[in-house]
Amino acid sequence: MRTDSAPRPRGAVGRPAGPQPAKRQAILEAAVAVFLREGYTRASVDVIADEAHVSKQTVYNHFGDKQRLFLAAVEGERERVAARFTPDLTPELAGEPQIEGEPGGDGEPGGEGAADAETALVSFGHRVLQVLLDERASALRRLVISEVARHPSLRPACADGEPQQLVTYLVDLLTRRTERGELSVDDPATVARQFVALLVQQGLHQSMYGTRPLPGHEAAAICERAADLFVRAYRR
């Protein structure tokens, strides 16, 4: 009879001998698919191993047990989402010209200098909503919420919030705007977290936690209201 318990390897749990990034990634991809399809309780390490085309022992060698595999899958999803939010995709943060037709872009050179703070925050907000409300990330977020009450050991999956990269990029934007005298933000890290939290909360609420697509006009309204609120609060 199959079981999800197995002897753990000696040494550090979840650290197989020698790097095996391809197998690890295959396991994580399979784990996300199985957890989303079956839920945490019903998901079987045997099935995950089958879908990843590895042995069950290989899964244990990399992650130790199902709980740690689930937490690693959630963290891997955060990293996947964060990788889509990079400076080259956010010209107002990278100091590059914006593209005509994108939120805040007028097709003229100047990047961050070509847009005022409110326009830059609106553009940032659109990127946050686009990245964080994608279908798979939303489904995994709902799964975490549904399972954590029954499995308190999964609370670390809720602990870190949204990807730190989002906050870091916004801290840079707020710091530059403050240095230029456009805004007066004494604590950019706190303000950045608050702005991202406002966007995410409103986006999740209006998309019913990612179960319905967020229409463009609703996303625009979320971003514009949030940007207006913060610029009014921190304008020099």
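In case you missed it, the structure is sitting above this.
Calculation notes
- Residues numbered from 1 in each chain as written.
- Predicted model: local features only at pLDDT ≥ 70, side-chain atom pairs only at ≥ 80, totals over all residues.
- Heavy atoms only, no water.
- Core = buried A, V, L, I, M, F, W, Y, C linked by side-chain atoms within 4.5 Å.
- Buried < 20%, exposed > 50% of the residue type's maximum accessible area, 1.4 Å probe, protein only.
- Helix = DSSP H or I, 4+ residues; strand = E, 2+ residues; numbered from the N terminus.
- Salt bridge = Lys/Arg side-chain N within 4 Å of Asp/Glu carboxyl O.
- Polar contact = N/O pair within 3.5 Å; in protein donor to acceptor, adjacent residues only side chain to side chain.
- Contact = heavy atoms within 4.5 Å.
- Axes fitted to C-alpha atoms, helices over the stretch in contact; angles between N-to-C directions.
- Left-handed = near helix turned anticlockwise from the far one by under 90°.
- Nonpolar A, V, L, I, M, F, W, Y, C, P; charged D, E, K, R; others polar.

### Details of the nonpolar core
- Residues Leu121, Phe124, Val128, Leu170, Leu174, Phe195 and Leu199 are the most contacted members of the largest nonpolar core, which totals 36 residues.
- Mapped onto this core, the elements with two or more residues apiece are helix 6 (117–132), helix 9 (164–179), helix 10 (188–206) and helix 11 (216–234).
- Considering every element that reaches this core, the biggest residue donor is helix 6, with nine residues.

### As for the pattern of salt bridges
- A full pass over the atoms with the stated rule returns 15 salt bridges.
- Across the salt bridge formed by Asp46 and Lys56, the nearest N and O atoms sit 3.5 Å from each other. You can see Asp46 sitting in helix 2 (residues 45–52) and its partner Lys56 sitting in helix 3 (residues 56–63), a full 10 residues away along the chain.
- Judged by relative accessible area, Asp46 falls into the buried class, the value being 9%.
- Among the ionic pairs, Asp228 bridges to Arg232, the shortest N-O distance being 2.9 Å. Of this pair, Asp228 and Arg232 both sit in helix 11, four residues apart, which is roughly one turn of that helix.
- Given the relative accessible area of 27%, Asp228 is considered partly exposed.
- Salt bridges here are not isolated pairs; linked through shared partners, they connect Glu29, Glu77, Arg80, Asp134 and Arg136.

### Structural notes on the environment of Asp187
- Tracing the sequence through the fold places Asp187 in the loop between helix 9 and helix 10.
- Residues Asp187 and Val171, 16 residues apart in the sequence, show an inter-C-alpha distance of 8.9 Å.
- Of note is the side chain of Asp187, whose polar atom sits 2.6 Å from the side chain of Thr190.

### A few points about the environment of Phe70
- Within the fold, Phe70 resides in helix 4 (residues 66–83).
- A C-alpha to C-alpha distance of 8.0 Å links Phe70 and Val32, two positions 38 residues apart in sequence.
- If we ignore the near neighbours within four places in the chain, the residues touching Phe70 are Phe35, Tyr40, Leu143, Val144 and Leu154.

### Thoughts on the packing of helix 4 against helix 7 (residues 135–148)
- Packing of helix 4 against helix 7 brings their axes to within 11 Å, and their N-to-C directions diverge by 145°. Pair helix 4 / helix 7 crosses with left-handed handedness. Contact with helix 4, carried on its side by Phe70, Ala73, Val74, Glu77, Arg80 and Val81, involves Arg136, Ala137, Leu140, Leu143 and Val144 of helix 7 and no other residues of that element.
- Class assignment of the residues belonging to the contact of helix 4 with helix 7 gives a composition of eight nonpolar, no polar and three charged.

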